[in-house]
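# Examining the three-dimensional arrangement
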There are 2 protein chains.
Amino acid sequence: MRKNKLKAAYTEITAEAGIETALHGGRAKCLQRLIRLDMPVPRTLALSFDAVHEVAQGRPLDTRGMLAAFGDGPLVSVRPSSEDPDWGGPGAILNIGMNDARHAALSETIGAEAASALYVRFIQAYAVHVARLDSDGFGGGEAAPAEALPGLLETYQEETDEPFPQDPARQLADVLRAMARAWEGTSARLLRQARGAPADAGLGLVVQRMALGIGNGESGSGVIQFIDEQTGAHLIKGRYLSQSQGRDALIDRSKALFLTRDERGASMEEGCPDHFRALVGYGETCRTRLREEMQIEFTIEDGSLYILDAVRVQRSARAGVRVAVALAEDGIITRQEALMRVEPRALADLLHKQVDPDSPRDPILRGLAASPGAARGRVVFSAMAALASDARGEPCVLVRHETAPEDIRGMHAASAVLTERGGMSSHAAVIARGLGLPCIVGVSDMSLDVRDKRLSAPDGRIFCEGDMITIDGSSGEVLAGEAKLLEPALDGWFKKLLSWADTARDIGVRANADTPADARTARMFRSDGIGLCRTEHMFFEDDRLTVMREMIFADTSEDRAAALERLLPMQRTDFIELFEIMQGRPVCIRLFDPPLHEFLPHSREGMREIAAALDLPMSDVTRRVEALAEFNPMLGLRGVRLGITVPEIYDMQARAIFEATVAVGRQGTEVAPEIMIPLVSARREVELVKARVDAVASAVAAAEGAEFGYRLGVMVETPRAALRAGDISVNSAFLSFGTNDLTQMTYGLSRDDAGRFMNDYVNKEVYPEDPFHTLDVEGVGELLRIGAERGREKKADLILSICGEHGGTPESIRFCRSVGFDYVSCSPFRVPVARLAAARLAIADADGTGGEG
Amino acid sequence: MRKNKLKAAYTEITAEAGIETALHGGRAKCLQRLIRLDMPVPRTLALSFDAVHEVAQGRPLDTRGMLAAFGDGPLVSVRPSSEDPDWGGPGAILNIGMNDARHAALSETIGAEAASALYVRFIQAYAVHVARLDSDGFGGGEAAPAEALPGLLETYQEETDEPFPQDPARQLADVLRAMARAWEGTSARLLRQARGAPADAGLGLVVQRMALGIGNGESGSGVIQFIDEQTGAHLIKGRYLSQSQGRDALIDRSKALFLTRDERGASMEEGCPDHFRALVGYGETCRTRLREEMQIEFTIEDGSLYILDAVRVQRSARAGVRVAVALAEDGIITRQEALMRVEPRALADLLHKQVDPDSPRDPILRGLAASPGAARGRVVFSAMAALASDARGEPCVLVRHETAPEDIRGMHAASAVLTERGGMSSHAAVIARGLGLPCIVGVSDMSLDVRDKRLSAPDGRIFCEGDMITIDGSSGEVLAGEAKLLEPALDGWFKKLLSWADTARDIGVRANADTPADARTARMFRSDGIGLCRTEHMFFEDDRLTVMREMIFADTSEDRAAALERLLPMQRTDFIELFEIMQGRPVCIRLFDPPLHEFLPHSREGMREIAAALDLPMSDVTRRVEALAEFNPMLGLRGVRLGITVPEIYDMQARAIFEATVAVGRQGTEVAPEIMIPLVSARREVELVKARVDAVASAVAAAEGAEFGYRLGVMVETPRAALRAGDISVNSAFLSFGTNDLTQMTYGLSRDDAGRFMNDYVNKEVYPEDPFHTLDVEGVGELLRIGAERGREKKADLILSICGEHGGTPESIRFCRSVGFDYVSCSPFRVPVARLAAARLAIADADGTGGEG
């Protein structure tokens, strides 16, 4: 935090000077470090935050004295130096001190064209950024040629009614005041606050003697870095341009030289081998001593090399991982530091394909970025069409008003999902994240006509079935056509970083995995087990759905049992496969949860199919479908309520689980399944289910002549279950908080219906964040805390966890650690993020820094 | 609670004996009181609970010694004496000691027929209740004539292979053991536990010398009481039958005499004037000394009057009120005692018509008794038909699958409501209770075909539109045809009792009232104000509904404002009327709550009407109706979410409220309206609404040049609002807990969908009670407690209340008093119940008895 004590207006940056990032900004501090490392940095003065603030308020500065510090008639540059480079700031201004006299003098020494180039550059910058004249009259943002000088001076005089200022001291004072005021302007403040800057963030300025890249002998400027910013691979990258200033080498690439000698042509390595070697040495010094990959800005003035500046190389998430791991492997930073340098959320980008940031984009629609990654495909408007497209081997994007469980197979077949309605926790979003499919929801601008198979964008463009689009699930943008994609980056660096994370972290990370594919992903990402296996998806497969419907339509308990008897071997196979994949890691299976009507069709056509399949009169089918309909399915006859009302379903599932346990055990894999009861609100519900599950276990053990262990626990999804956790824990080995439903009930807010106003709510700051996206620590979190305390009070070894969609976010992991949870469970694609976040929290705690996870 | 110390096996009941209700039962204690009042009670022995328990275990008793206590060869009776007469118990057995020898001796003194009658009565009772023989062989439950004696003795010997027992001591021992064991049998235990008896409830027995009502001179038996058990009016009622025993006079009514002299014929008053006068005196003594209206069982033995027993007169709720008030007015009991003697729930019966319990019933269907009272009417299947029926002046019963807001006007027009679906807090139930309409919901046995206008009962009977049925909303039974009804009993006694209750109670009782009719009912029942006025019903009236729909379909904020501008005067009129009716008592108005789609039709026909009315293309209407549909409307875009997303609605309502306040103020009635924000889950929601409401208030005050006060508060319906009550109270003058929605969200259970399994759940004791019926103190109550504590911590003068359907129950009032609430609000018809319950709780607290409310 910056101190408020006023310092001397300016300080020369020397190895001994009292320069601090918190007082003078990062650039000033970095320049001091370079000086301490004996690099040839031109003389530089630093103005502190306080000094710059006073300048903005109108305090006069002794700029004549400052210029005197640089010796006789110098040219100087001014650059911003804020605490964090990400907060932005005014651009650098070069060649301050140029005037007619200096121009004349320099024309003598370096030639008229070079002198004019320096003057022109300064006039352009001064006119636009200091005098605030319209840039059109001063090159319109483009560098003007040397010949433009007289015209620019004339234009300046015309527009300001005075000649271009000739006094270098006034020039410098004007530049400093303009930059100071620009920083304090409203739009700059809002911009940097949006990037996380505090309201009182200060700006420092550095005034540096210009090393002139334009002039006699070998003169020029360039930029060098030692990694590829996309991959993090070690290589020398940059450009050098003779007779240029600043970063011109990067702008005027056609004339600039490559740095290293290779087949691309002339290079700096050949042209200036000594300077090149010196730069490589400086880069290495930066890496080992500044412990970071830096980009160095340098100038050669008449054969002498100067280092003007060095900044951290901006890099992709992927490069960030590699740089951090490489620095740790080279012993420059510790593994802990490496972990702390990678932002967990950035990992999400590595797990999925991404739209190439350097390729052109043609956005047509925008919605909520519900599941990250990018995919291209042909538009389809139904699950059936998605399956057909998949069968033809053509990637497709499933577009729906919203998705329902009936669409699951279509979602599996699609490359991405796009829905008009829904929020971050809508069916489409949840399932897509689970499947690792890019997904955009809540695209309310889209006009969708499913019957005529067309969607219209607000700009009037129409896309029909078969048209190609690209879904950018990381940004929430739908792009027309096939955008260029980058492949995911699950390389050795990534794996190494995460293995370090596993050593550091002190909370388990499991995956929510419903299918063998999910389970394989969970294994690939090295989750500690499955924290939530939802079993209902298993019943939507074609052959099972019909049996499910028979079960639902059964008139007698016997008929129901007969239908379930046919489902038993299928369920057993499901569990055997899951257990085999997870190789003895814990698998927590949630018993059947959804209302039965989810398995019934809503269209007349669908009902006719059922009537035919089950040989029932149509009137019978419609009557029963109507009878099962609910006003608020979310709050209806589902979960344990169904388990108690129709106990045969849970009996069958328990039997399948235990028989699978025995079968896999015989293959040599010890499995201790965990069985989780959903939607509990009262202790007695647990007692009743436990009695039946225990009975099934005994029966299976007796019939198979095998012994096995298992745990029975409760999914805490209702506020009441959290409040009564003391009661409920008596019969539970574990409590797992299902924060999706718990958030819905705590807020009284359906995730499927929240999409229509959530943006509005978050924009108006009614909610600080979408609570389906970021765990609401104050409300829902309070229930988790109450539940954890009351549960553990009654049962000290109660296993506690969270298995909602929030499970993988750094914020929720921080919270879960604070209340003593044993593990978090999240969608498989979030497992790496969670592993890293957990490690960072543990490291920060050990450091006592309370780091940000 | 009974003491476990074993007492002497039997005790003679004398004025001085140590007889206690908790040891010997109520009958033994009552007999002692009669003895202390010098009434001619035959000698009586009491067996304690412990003694009877030991007898059941097989402990032998000195019955020979007991009989000796009665002198030479007595006949005795045995009657049960439990702690509470409502717990049931074995029937009395008379004439123990009859045997062949005694028969012969009595034949000499009172004649052979009389002697045989005594013997026959004993043999019948002994054979069936002691020897446990099939009653068919012993008169099948009917009294046998004297001539049957030889046959009965023979049958007894045939069935038991032994002659009828002749030893009086053995007879008595057998009778005592049989009665003791009957009490301890499983079915008797379950029955009395169902009536509230503790598991270890004891049975005492009283053994009394028989006063023989059969014999020489004036002999006979009878029963007398001094009130009418239906009305509580003072009058002498009973029968006397010469040459009879026990309660024969009530059974053989054709031969029995009336007691008082009147036009009905011969009477005891004429036949035995001295005994009659004595009985009247005893009755008066009982009333003043036992402080209760007693029914006296008496016997005249050869001209002498004996009092055998006295029991509290069983009475209707209505009579109970009158008796309690009359006893207090006569100074026999205090007003507090009078209040404690009337069970609040019993009042509900007085407020509504009831099915005459003495008339025949023809039940066809059974469901949840959702709103008490009875009504008869013709079956109608739509709100339209109800309105038409009402217009013809024909009472009707509205039968629906379930009701929706569109049915409100039809419900107003109907005499009762019957729905196939729904629970105690379904729309139909809530509205019907509010309107005081009898209502039965969740009649899942009913097969309903609304299109063909017929409903079928499980027994196959079919009722078509126009057929007459009777709804008994107090029992949940639907009766065929027109059952006989009793009128409600809102008489002076009732009003007096409640005025005493108002003096005693220390918590406010307001009414939930949406309409002028509700408000009038609330005033009639003397509520302290309106605690919840839901405003949405106001928009369902025909002329307003169209404007509402225009508002919903408005494309621009201006069009929306224009539609609302037309609704404003209507709303203002609504509020003026309410304020006028409530005459300055507080009126708490809840801002608009339901999702907008509730105002749209779901049928194509309805949509076509809208398209025509609003001059929109049909496709536009269907698209918008679809766009507004929600998965879980309960948890969707409603309440304050709508208030924030479409703020014009709340603006209009606030303006209507304030303008009405000014208008009524000008008529001389000071109104301080309370404005309540529904469905709040975050503090910021309150801030945003408060800012706008305050602005509207300032604008109205300025425009009207008037000053007025108002309170703004929050309806706490989401668990989060309760958890964050500290935050929320900062901007709230009051918090009112809406326990309907709060229960739904705490349990994750929609009241509309719970009906399908709630019975099952309560029967299996998964939930001890339907939480929509009885406040769930452990879960929902915990949130109320947390909310109250956190709210008051931040704002000490925060007004706290409950306004859900639970508001009126004694349990919830107990809870609300315990957490310091200021008032409860309940449907108008529950106000009297709540007033009485509140008084009883205050009295019980003051007594330190912790009475049961």
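All residue numbers refer to positions counted from 1 along the written sequence of the respective chain. Here chains are named by letter from A upward and ligands by number from 1 upward, in the order in which they appear as written. In keeping with the predicted nature of the model, local features appear solely for residues at pLDDT of at least 70, side-chain atom pairs appear and are counted solely at 80 or more, and the whole-chain, interface and lining totals rest on all residues. Based on all heavy atoms of the structure, the side-chain values leave hydrogens and waters out of the count.

With that settled, the discussion passes to the overall build of chain A. When helices and strands are tallied, chain A shows 34 helices and 31 strands. By principal-axis analysis of the C-alpha atoms, chain A measures approximately 105 × 60 × 55 Å. Relative to its 853 residues, chain A shows a buried fraction of 58%. Approximately 33,000 Å² of chain A is accessible, and the part contributed by carbon and sulfur atoms is 48%. To qualify as a helix, a DSSP run of H or I must reach at least 4 residues; to qualify as a strand, a run of E must reach at least 2; elements of each kind are numbered from the N terminus. Accessible area is worked out with a 1.4 Å probe on protein chains only. A residue is then buried under 20% of its type maximum, exposed over 50%, and partly exposed in between. Using the Shrake-Rupley algorithm and a 1.4 Å probe, accessible areas are obtained, with residue cover drawn only from the displayed protein chains.

On to the sheet that holds strand S18 (residues 447–449) of chain B, then. Strand pairing within a sheet occurs via backbone hydrogen bonds; the two strands may be parallel or antiparallel. Residues and elements named next belong to chain B. The three strands are arranged S18-S19-S20 in an open sheet whose pairing can be described as antiparallel. Each edge of the open sheet is held by one strand with a lone partner, namely S18 and strand S20 (462–464). The average angle at which neighbouring strand axes cross in this sheet is 15°, direction not considered. Two elements, S18 and strand S19 (residues 454–456), share three bridges in a ladder whose sense is antiparallel. If you follow Ser447 over to S19, its bridge partner there is Ser456. Only when DSSP finds a minimum of two bridges between them are two strands counted as paired. Axis definition: a line fitted to C-alpha atoms, limited for helices to the stretch in contact. Angles are taken between N-to-C directions and run from 0 to 180 degrees.

Taking 1.5 Å of rise per residue, the 19 residues of helix H6 (residues 112–130) of chain B would be expected to cover 27 Å, and the 26 Å separating its terminal C-alpha atoms lies within 8% of that figure. After H6(B) finishes, the residue B:Arg132 shows a positive phi value of roughly 60°. Any helix carries an expected span of 1.5 Å times its number of residues minus one.

Right, let's get into the nonpolar core. Among the nonpolar cores identified, the biggest contains 277 residues, and A:Phe658, A:Phe821, B:Phe658 and B:Phe821 are the most heavily contacted of them. When checking whether two residues touch, look at their non-hydrogen atoms; a contact exists if any pair is within 4.5 Å. Those residues in contact with A:Phe658 that lie beyond four places of it in its chain are A:Ile675, A:Val693, A:Val696, A:Ala697, A:Val700, A:Phe708 and A:Tyr710. Take the buried Ala, Val, Leu, Ile, Met, Phe, Trp, Tyr and Cys residues and link them wherever side-chain atoms come within 4.5 Å; each set so joined is a nonpolar core.

To continue, consider the interface of chain B and chain A. With 52 residues of chain B at the contact, the number on the chain A side is 52 residues. Accessible area that two parts lose when put together, evaluated with a 1.4 Å probe and summed over both, is termed the buried area. Surface buried jointly by chain B and chain A totals about 4,800 Å² across both partners, of which 53% is contributed by carbon and sulfur atoms. When a carboxyl oxygen of Asp or Glu lies within 4 Å of a side-chain nitrogen of Lys or Arg, that pair is called a salt bridge. Along the contact surface separating chain B from chain A lie eight salt bridges. Note that B:Arg720 and A:Glu778 form a salt bridge whose closest N and O atoms lie 3.8 Å from each other. Whenever a nitrogen or oxygen atom comes within 3.5 Å of another N or O atom, the pair is scored as a polar contact, on the condition that within protein one atom can donate a hydrogen and the other can accept it, and that pairs from neighbouring residues in sequence are kept only if both atoms are in side chains. Run the count over chain B and chain A and you get 28 residue pairs in polar contact (both at pLDDT 80 or more). Looking at the side of chain B that touches chain A, the elements with two or more residues in it are helix H24 (618–628), helix H25 (640–645), helix H27 (683–704), helix H28 (719–723), helix H30 (739–747), helix H31 (751–763) and helix H32 (780–794) of chain B. Counting residues per element, the side of chain B that touches chain A draws most heavily on H31(B), at six residues. For the side of chain B that touches chain A, the residue count by class is 23 nonpolar, nine polar and 20 charged. By the convention adopted, Pro, Cys, Tyr, Trp, Phe, Met, Ile, Leu, Val and Ala count as nonpolar, Lys, Arg, Asp and Glu as charged, and the other residues, Gly among them, as polar.

Here we come to the pattern of salt bridges. Tallied over the entire structure, the rule returns 140 salt bridges over all chains. Of the charged contacts, one joins A:Asp651 and A:Arg692 as a salt bridge, the two residues approaching to 2.6 Å between their closest N and O atoms. Taken together, the positions of A:Asp651 in helix H26 (residues 648–666) and A:Arg692 in helix H27 (residues 683–704) put the pair 41 residues apart, joining distant regions of the chain. Note on A:Asp651: relative accessible area 21%, which makes it partly exposed. You can call A:Arg692 partly exposed: its relative accessible area is 38%. For the salt bridge of B:Glu343 with B:Arg840, the shortest nitrogen-to-oxygen distance reads 3.8 Å. Here B:Arg840 lies in helix H34 (residues 831–847) and B:Glu343 lies in the loop between helix H14 (335–341) and helix H15 (344–351), a separation of 497 residues in the sequence. The partly exposed category is assigned to B:Glu343, whose relative accessible area is 33%. Given a relative accessible area of 2%, B:Arg840 falls into the buried group. Beyond isolated ion pairs, a larger network of salt bridges with shared partners links A:Arg683, A:Arg684, A:Glu687, A:Arg720, A:Arg724, A:Asp727, B:Asp776 and B:Glu778.

Residues and elements named next belong to chain A. The score called pLDDT rates the predictor's confidence residue by residue, from a low of 0 to a high of 100. For chain A, per-residue confidence averages 91 on the pLDDT scale, and 98% of positions sit at 70 or higher. In this model, residues 1–7 is a region of pLDDT below 50 whose contacts with residues beyond four sequence positions or in other chains number 18 contacts. The complex prediction reports pTM at 0.79, with the ipTM value standing at 0.78.

We now examine the packing of helix H22 (residues 557–582) of chain A against H26(A). All names here are of chain A. For the pair H22 and H26, the least separation of the axes is 7 Å and the interaxial angle reads 35°. Of the two possible hands of crossing, H22 and H26 adopt the one that is right-handed. Where H22 approaches H26, its residues Ser557, Arg560, Leu564, Glu565, Leu567, Leu568, Gln571, Arg572, Phe575, Ile576, Phe579 and Glu580 are matched on the opposing element by Glu648, Ile649, Met652, Gln653, Arg655, Ala656, Ile657, Glu659, Ala660, Thr661, Ala663 and Val664. For the contact of H22 with H26, the residue count by class is 13 nonpolar, four polar and seven charged. When the near helix sits turned anticlockwise from the far one by under a right angle, the crossing is termed left-handed; a clockwise turn instead gives a right-handed crossing.

Take the environment of A:Tyr119 next. Examined against the element boundaries, A:Tyr119 turns out to sit in helix H6 (residues 112–130). Of note is the side chain of A:Tyr119, whose polar atom sits 3.2 Å from the side chain of A:Gln166.

Residue and element names in this part refer to chain A. Spatially, five strands are ordered S1-S2-S5-S3-S4 in an open sheet, and the strand pairing comes out antiparallel. At either end of the open sheet lies a strand with only one pairing partner, and these are strand S1 (10–12) and strand S4 (93–96). Pairs of neighbouring strands in the sheet enclose a mean axial angle of 25°, with direction left out of account. Bridge count for strand S3 (residues 76–82) against strand S5 (residues 203–209) is seven bridges, and the pairing is antiparallel. Directly across from Ser81, in S5, lies its bridge partner Gly204. The strands touched by helix H2 (residues 26–36) within the sheet are strand S2 (44–47), S3 and S5, with S3 carrying the most contacts at an inclination of about 115°.

Moving on, we come to the relation of the copies chain B and chain A. Only residues with pLDDT of at least 70 in both copies count here: their C-alpha atoms drive the least-squares fit that superposes the copies. For these two chains of identical sequence, chain B goes onto chain A by a turn of 179° and a shift of 0.1 Å along the axis, with RMSD 0.3 Å. Those values place the two copies in the arrangement expected of a two-fold rotation axis. Rotation axis and chain B: the residue whose C-alpha lies nearest the axis is B:Asn632, separated from it by 2.1 Å. Comparing interface residues between copies, 100% of those in chain B also sit at the interface in chain A, which points to an isologous, same-surface contact.

Residues and elements named next belong to chain B. The first and last C-alpha atoms of helix H21 (residues 542–553) sit 17 Å apart over 12 residues, in line with the 16 Å expected at 1.5 Å per residue. Every buried residue of H21 is listed here: Arg544, Leu545, Val547, Met548, Arg549, Met551, Ile552 and Phe553. Packed against the buried residues of H21 are helix H22 (557–582), helix H23 (604–614), H24 and helix H26 (648–666).

Geometry of aromatic contacts follows a simple scheme: Phe, Tyr and Trp rings, the Trp one being its six-membered ring, pair when their centres are within 6.5 Å, and the pair is stacked under 30 degrees between planes, edge-to-face over 60, tilted otherwise. This model, assessed by the stated rule, comprises 37 aromatic pairs over all chains. Both rings, one in A:Phe708 and one in A:Tyr710, keep their centres 6.4 Å apart while their planes meet at 45°; by these two values the pair is tilted. For the pair B:Tyr747 and B:Tyr767, a centre-to-centre distance of 5.0 Å together with 70° between the ring planes defines the contact as edge-to-face. Of this pair, B:Tyr747 sits in helix H30 while B:Tyr767 sits in the loop between H31 and H32, and the two are 20 residues apart along the sequence. Taking the relative accessible area as the measure of exposure, B:Tyr747 reaches 4% and is therefore buried. One aromatic cluster in this structure is built from A:Tyr119, A:Phe122, A:Tyr126, A:Tyr156 and A:Phe164. Our definition puts a charge over a ring when NZ of Lys or CZ of Arg is within 6 Å of the ring centre and also within 35 degrees of the ring normal. One Lys or Arg, A:Arg192, reaches over the ring of A:Trp183 and ends 3.8 Å from the middle of that ring.

Attention now moves to the side chain of A:Ser732. Residues and elements named next belong to chain A. Structurally, Ser732 is set in the loop between helix H29 (725–729) and strand S29 (734–737). Given the relative accessible area of 1%, Ser732 is considered buried. In this view, Ser732 contacts Val686, Leu712, Gly713, Val714, Lys795 and Leu798; residues no more than four positions away in its chain are not counted.

What follows covers the state of the cysteines. We call a pair of cysteine sulfur atoms a disulfide when they lie within 2.5 Å. Throughout the structure, instances matching the rule amount to zero disulfides over all chains. Counting only cysteine sulfurs, B:Cys30 is the nearest neighbor of B:Cys286, a cysteine outside any disulfide, at a range of 6.8 Å.

Okay, unusual backbone geometry next. Residues and elements named next belong to chain A. The phi dihedral of Asp302 falls on the positive side, at around 50°, and the residue is not glycine. Examined against the element boundaries, Asp302 turns out to sit in the loop between strand S9 (294–301) and strand S10 (304–312). With relative accessibility at 48%, the residue Asp302 sits in the partly exposed group.

Here we come to a negative patch on the surface. Excluding any residue in a salt bridge, patches collect residues exceeding 30% relative accessible area, merging like charges within 9 Å and nonpolar Val, Leu, Ile, Met, Phe, Trp and Tyr side chains within 5 Å. Counted charges follow a simple rule, with Lys and Arg positive, Asp and Glu negative, and His plus the chain ends left uncounted. By convention, the charge on Lys lies at NZ, on Arg at CZ, on Asp at CG and on Glu at CD. A contiguous patch of negative charge on the surface is contributed by A:Asp134, A:Asp136, A:Glu154, A:Glu158 and A:Glu159. Mapping A:Glu158 onto the fold places it in helix H7 (residues 149–160).

With that settled, consider the environment of A:Phe772. Among the structural elements, A:Phe772 can be located in the loop between helix H31 (751–763) and helix H32 (780–794). Along the primary structure A:Phe772 and A:Arg751 are separated by 21 residues, whereas in three dimensions their C-alpha atoms are 7.2 Å apart.

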